[in-house]
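Chain by chain, the residues:
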Amino acid sequence: MDINLQFMTHIMKLRNISIAILAALAVGCSNSNVTTNNEIATGVPFELAQQRKANISDIHYDICFVIPQHLDEDVSCDTRITFTLKERQDVVIDFRDTERIQDIFFNNREHLAHIDVWSKWVKSEHIVIPREEVIIGENTLHIITSVSNQSLNRNEEYLYTLLVPDRARTLFPCFDQPDLKASYSLRLTLPETWSAVSNTAITASHKGDNGYQVVEFAPTEPLPTYLFSFVAGVLYNKTYDDGTHRFTAYHRETDPKRIAQLDDMFREVKYSLEWLEEYTGIKYPFAKYDFIMLPGFQYGGMEHTGATLYNASQMFLSDNPTLDERLRRSSVIAHETAHMWFGDYVTMRWFNDVWTKEVFANYFAARIVEPLYPTIDHRLSRLKSYTIASLSEDRTAGSTPIRQQLDNLQNAGLIYGRIIYNKAPIVMDKLVEIMGDDAYQQGIRDYLTTFAYGNATWPELIEILDNYTDADLRTFSEVWVHNNAMPTITLTSEDNRLFITQSDPLGRGLVWPQSFTCRIIYRDNTSEDVDITLHTTSELLSLDKPIAHIIPNVCGRGYGLFTLSINDIEWLLDTLPTLPDDLAREATLINLHELYKAYYIAPERWLETLVTTLQHERNYLIASTACDYLAEPLMLLGDHTTEEQLWHMTTSHPITSLRRKMLTTLAHAHTAPAVTEALHHLWHDNGAEWLGDTYTVLSESDAMTLAYELALRMHDREADILATQRSRITNPDRQREFDYISRGTTADIATRDALFEELLTPEARTTEPWAASLLRLLNHHTRQADALKYILPGLEEVTEIQRTGDIFFPSNWCRALLGEHHSREARDIVETFLANNPDYSPLLRSKILQAMR
């Protein structure tokens, strides 16, 4: 396939699509972002992005990095940007680390190369070239800079770029907005023992001086800045080639059993690509498909074209992975592969629509994975994967709309969260239910063809889908996409009458149109599944017989808080373990948990129900959900008798694959000394006796987690536990991880205080998943009283966390800081902080509120 021909045929079409649509974006912008007097706000204000999109085109970046062997030597960057201007206007280039600029040249004019001239162009995270210096037509800017280690996620033996959503401007000068797509040519000078991977194939390489090599890559297809990527370092690799597909996997794994799993990954990548090609009618639209597994990677995956990144711990599984772990790996592979069409091939115009790429990736990932696991109920699996996570944020005071307002790209990372990843696919399911599968597929193909290698908005997608249905998609979208929170749906009965009411918990009078099924238990002990469609605030159904009990949403299609009478709730708590069909049990388990979180059910009663459910349950996915729900009431109640009962169940549950999950849940949540001793015995023997014939040892990840929990509780044996566990770890990257996190187990309060102070410096939290794990240990539920003093300074650091960290780190930081605190004192500190900061960023405020229990 001629990639250049394929994308160039679409560029002319895209130029005919009016950029006037940008003015209609609901991004809540204000004129304060782009100020007068030649001053520009920090970040990338929306008005600036609009101005540039209207005037700048045909962008090409020619970028050269020189990467020294040693961390104490700076990486240097030489960037040439070629672009075409429609009119003579000031040209604003984004570059956050302006103090790292060494030289600037523009349009080969010698007088502009003098520092006294170009230093006047440097303004507040930008380089502003005056209109007097630019020309209509092609211009060339040449800038030489150094690069911070943080921008490159730089370690001693490897580094990688991760530029979403606005981190490109921390790495090289650029037009850092998603609708100014460009081609990129990359050259790297790096140690000769290192490998290098980028978006495109290597076109040339040769040996350099003093133990270095030079590697050059082919120009890319049109990409937004956030998808430009390269990885370099000491990497192992394996290539798959079946004559049709060729993939290379790069990694740092040393365990032969884990490396053998690469064949499974290749098969799933191939399957995902072929599924998407068939569904979309579009062949894979980029030059190559390689992927890299990295230790301590911030996300599950990142969809860089030709160089997809994955978190190594989620890809390389233990010898005996649970179904949850296998599904998660399959889903993340399908998710990142779907992004090649949804996000990379067609990209959102502005990051307020970032959810459009994530909703497609998760929606299609769920569909792709289904045939790979033919024995499981995928309706149930989607409830577990999406509904639970979505409800966990939507029920909080920090709930946000799916499509949020965004005035400046520097805040784009705060839009990410469980709402756009998990609620959005639920809403997409509802939209497909309205349209029908065939009409939806036709609409998606039209969308991809119309905006190929370009950019689109959610309203533009809805406009296309509207052509394939008579349904009112705009009204549907307004309620489900543009508004936050979820409905409260109340079901009550009187004789043979069923009353259904829907209310907006925020008092806006919204009505969420949706359909779901309720199971009616009649007084004669017969039952009937009744389909309900809600388009108003209330419905009244007259049934054939007197009603005894109601089980709401047994199909799982409904979304919201389903409330019942106290009598029905108590009956459901008793009946849950014996409900005959799996989907109804999972849906009811989820609904009862939401009632518990809404204070309809006491913690003691909820814990009792969960334990009984685990005793009876034989479906792994349902038992896994119950296990996930155990932790909070266990930590709240400290019920030693129940903990010991669960320990016995952990060693004997008939679902053997569930035992590992129960083990890690109990290891974290328990307080009973007898359970601690039992866990220590198991850990000391590496699980051999406990796990029996099927499982010979604990996974390394499980053993590391168990060591943290034991060392934290068994102060007199802390040093021995940590030393023993470290001696069992052979991979150097996992040794570094253990050394970093295990410091948080110390019983010495002064040492913990010093570790917390260390975490308040960006340099100490460069590997963000490790930093969040350390913070979580410092705020462990067994240390709540000692850790109260960390809450206020931790909250005060959130703004800096957002500025210096990646997109998920503010949420992960807040959860690690607050998630284990249950006291009124902790809540008071948070509420006082928010009350004392009335002008605090609304997006950051939401992250804090979402993290509170």
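Computed from a prediction, not measured in an experiment: that's the story for all the values here.

Cut-off values and rules
Residues numbered from 1 in each chain as written. Predicted model: local features only at pLDDT ≥ 70, side-chain atom pairs only at ≥ 80, totals over all residues. Heavy atoms only, no water. Phe/Tyr/Trp six-rings, centres within 6.5 Å; stacked < 30°, edge-to-face > 60°. Lys NZ or Arg CZ within 6 Å of the ring centre and 35° of its normal. 1 Å grid on protein atoms, 1.4 Å probe; cavity = no way out; pocket = protein on both sides within 12 Å on 5 of 7 lines; lining within 4 Å. Points joined across faces, edges and corners; volume = space filled by probe spheres on them. Helix = DSSP H or I, 4+ residues; strand = E, 2+ residues; numbered from the N terminus. Nonpolar A, V, L, I, M, F, W, Y, C, P; charged D, E, K, R; others polar. Axes fitted to C-alpha atoms, helices over the stretch in contact; angles between N-to-C directions. Parallel < 35°, antiparallel > 145°, perpendicular 65-115°, else oblique. Left-handed = near helix turned anticlockwise from the far one by under 90°. Contact = heavy atoms within 4.5 Å. Buried < 20%, exposed > 50% of the residue type's maximum accessible area, 1.4 Å probe, protein only. Expected span 1.5 Å × (residues − 1). Arc of directions from axis to C-beta. Pairing = 2+ DSSP bridges. Salt bridge = Lys/Arg side-chain N within 4 Å of Asp/Glu carboxyl O. Disulfide = S-S within 2.5 Å. Polar contact = N/O pair within 3.5 Å; in protein donor to acceptor, adjacent residues only side chain to side chain. pLDDT = per-residue confidence, 0-100.

### Brief notes about the packing of aromatic side chains
At step 1: Here the structure, examined in full by the defined rule, presents 47 aromatic pairs.
At step 2: Positioned above the aromatic ring of Trp683, the side-chain terminus of Arg728 is 4.8 Å from the ring centre.
At step 3: Above the plane of the ring of Trp813 lies Arg765, whose end atom (NZ or CZ) is 5.8 Å from the centre.

### Topic: empty space enclosed by the protein
At step 1: The tally for this structure, following the rule as stated, stands at 6 cavities of 30 Å³ or more.
At step 2: Together, Leu383, Thr387, Leu391, Asn553, Gly556, Gly558, Tyr559, Gly560, Phe562, Ala587, Ile590 and Asn591 line the largest cavity.
At step 3: Breaking the lining of the largest cavity down by element, the ones donating at least two residues are α10 (378-394) and α16 (582-597).
At step 4: Here the residues of the lining of the largest cavity are counted per class, giving 6 nonpolar, 6 polar and no charged.
At step 5: Approximately 80 Å³ is the volume attributed to the second largest cavity.
At step 6: The wall of the second largest cavity is formed by Pro165, Asp166, Arg167, Gln410, Gly413, Leu414, Gln802, Gly805, Asp806, Ile807 and Pro810.
At step 7: Taken together, the residues that form the lining of the second largest cavity break down as 4 nonpolar, 4 polar and 3 charged.

### What about the packing of helix α26 (residues 749-759) against helix α28 (residues 784-796)?
At step 1: It is the contact of α26 with α28, at a shortest axis distance of 11 Å, that shows an interaxial angle of 15 degrees. One element, α26, and the other, α28, form an angle in the roughly parallel class. Every pair of crossing elements has a handedness; the one defined by α26 and α28 is right-handed. From α26, Ile749, Arg752, Asp753 and Phe756 reach across to α28, where they touch Asp786, Lys789, Tyr790, Pro793 and Gly794.
At step 2: By residue class, the composition of the contact of α26 with α28 is 4 nonpolar, 1 polar and 4 charged.

### Focus: the environment of Leu759
At step 1: Its location among the elements puts Leu759 in helix α26.
At step 2: In this structure Leu759 comes out as buried when scored by relative accessible area, which is 0%.
At step 3: Residues Leu759 and Leu775, spaced 16 residues apart in sequence, show a C-alpha to C-alpha distance of 7.8 Å.
At step 4: For Leu759, the residues in contact, after removing those within four places along its chain, are Tyr740, Ala764, Arg765, Ala771, Leu774, Leu775, Leu778 and Trp813.

### Focus: helix α21 (residues 673-684)
At step 1: In this model, α21 (12 residues) spans 16 Å end to end at C-alpha, consistent with the 16 Å of a helix rising 1.5 Å per residue.
At step 2: Among the residues of α21, those classed as buried are Val675, Thr676, Leu679, His680, Leu682 and Trp683. Projected onto a plane normal to the axis of α21, the buried residues spread over an arc of 165 degrees and lie on a single side.
At step 3: Asn686 sits one or two positions beyond α21 and adopts a positive phi of about 60 degrees.

### Remarks on the sheet that holds strand β18 (residues 308-311)
At step 1: Here 5 strands make up an open sheet; going across it, the order is β14-β15-β16-β18-β17 and the pairing mixed. The open sheet has two edge strands, β14 (236-241) and β17 (301-302), and neither has a second partner.
At step 2: Where β14 meets strand β15 (residues 246-251), 6 bridges bridge the pair, whose relative direction is antiparallel. Pairing of Tyr236 across the sheet is with His251, part of β15.
At step 3: Sheet strands touched by helix α6 (residues 262-280): β14, β15 and β16 (291-294). Its angle to β15, the strand with the most contacts, is close to 135 degrees.
At step 4: On the sheet, helix α8 (residues 323-338) packs against β17 and β18 and is oriented at approximately 160 degrees with respect to β18.

### Regarding the pairing of strand β2 (residues 75-85)
At step 1: One ladder, built from 9 bridges, connects strand β1 (residues 56-66) with β2; its direction is antiparallel. Its bridge partner lying in β2, Tyr61 is registered against Ile81.
At step 2: Two strands pair when backbone bridges link them, and β2 and strand β7 (residues 137-147) are joined in this way by 11 bridges, in the antiparallel orientation. Within the sheet, the bridge partner assigned to Thr84 lies in β7 and is Glu138.

### Thoughts on the pattern of salt bridges
At step 1: Taken as a whole, this structure holds 58 salt bridges when the rule is applied.
At step 2: Salt-bridge contacts for Arg734 lead to Glu253; the nearest nitrogen and oxygen are separated by 3.0 Å. Here Glu253 lies in the loop between β15 and α5 (256-259) and Arg734 lies in helix α25 (residues 732-741), a separation of 481 residues in the sequence.
At step 3: On the basis of relative accessibility, which here comes to 5%, the residue Glu253 falls in the buried class.

### Considering the state of the cysteines
At step 1: According to the stated counting rule, one finds 0 disulfides in the structure shown.
At step 2: Cys64 takes part in no disulfide bond, and the closest cysteine sulfur, belonging to Cys77, lies 8.0 Å away.

### With respect to the environment of Asp524
At step 1: With respect to the helices and strands, the residue Asp524 is situated in the loop between β23 (514-522) and β24 (527-534).
At step 2: The exposure class of Asp524 is partly exposed, given its relative accessible area of 42%.
At step 3: Side-chain polar atoms of Asp524 contact the side chain of Thr526, separated by 2.5 Å.
At step 4: A distance of 3.1 Å separates the side chain of Asp524 from the side chain of Lys545, its partner in a polar contact.

### Considering the sheet that holds β24
Strands in a sheet are paired, the pairing made by backbone hydrogen bonds, and the direction either parallel or antiparallel.
At step 1: On the basis of which strands lie adjacent, the open sheet formed by 3 strands has the order β24-β23-β26 and antiparallel pairing. Across the chains shown, the open sheet's two edge strands, defined by having one partner strand only, are β24 and β26 (547-551). The average angle at which neighbouring strand axes cross in this sheet is 30 degrees, direction not considered.
At step 2: In terms of strand pairing, β23 meets β24 through 8 bridges, oriented antiparallel. Bridging across to β24, Phe516 finds its partner in Ile532.

### Some words on α26
At step 1: Those residues of α26 not exposed but buried are Arg752, Leu755, Phe756 and Leu759. Buried residues of α26, seen end-on, are gathered within an arc of 100 degrees and therefore sit on one face of the element.
At step 2: In this structure, the buried side of α26 is in contact with α25, α27 (768-778), α28 and α30 (809-818).

### Overview of the confidence of the model for the chain
At step 1: Per-residue confidence for the chain gives a mean pLDDT of 93, with 94% of residues at or over 70.
At step 2: Throughout residues 691-696 the model reports pLDDT below 50, and contacts reaching past four residues in sequence, or to other chains, amount to 10 contacts.

### A short note on the side chain of Ser477
At step 1: With respect to the secondary-structure elements, Ser477 resides in helix α14 (residues 473-482).
At step 2: In this view, Ser477 contacts Trp458 and His482; residues no more than four positions away in its chain are not counted.

### Regarding unusual backbone geometry
At step 1: Across the junction of Val164 and Pro165, the peptide omega takes the value -5 degrees, indicating a cis bond.
At step 2: One non-glycine residue, Asp58, adopts positive backbone phi at about 50 degrees.
At step 3: Along the polypeptide, Asp58 turns up in strand β1.
At step 4: Residue Asp58 is classed as partly exposed on the basis of its relative accessible area of 44%.
At step 5: In this structure, Ser124 takes a positive phi of about 45 degrees despite not being glycine.
At step 6: Tracing the chain through its elements places Ser124 in the loop between β5 (122-123) and β6 (126-129).

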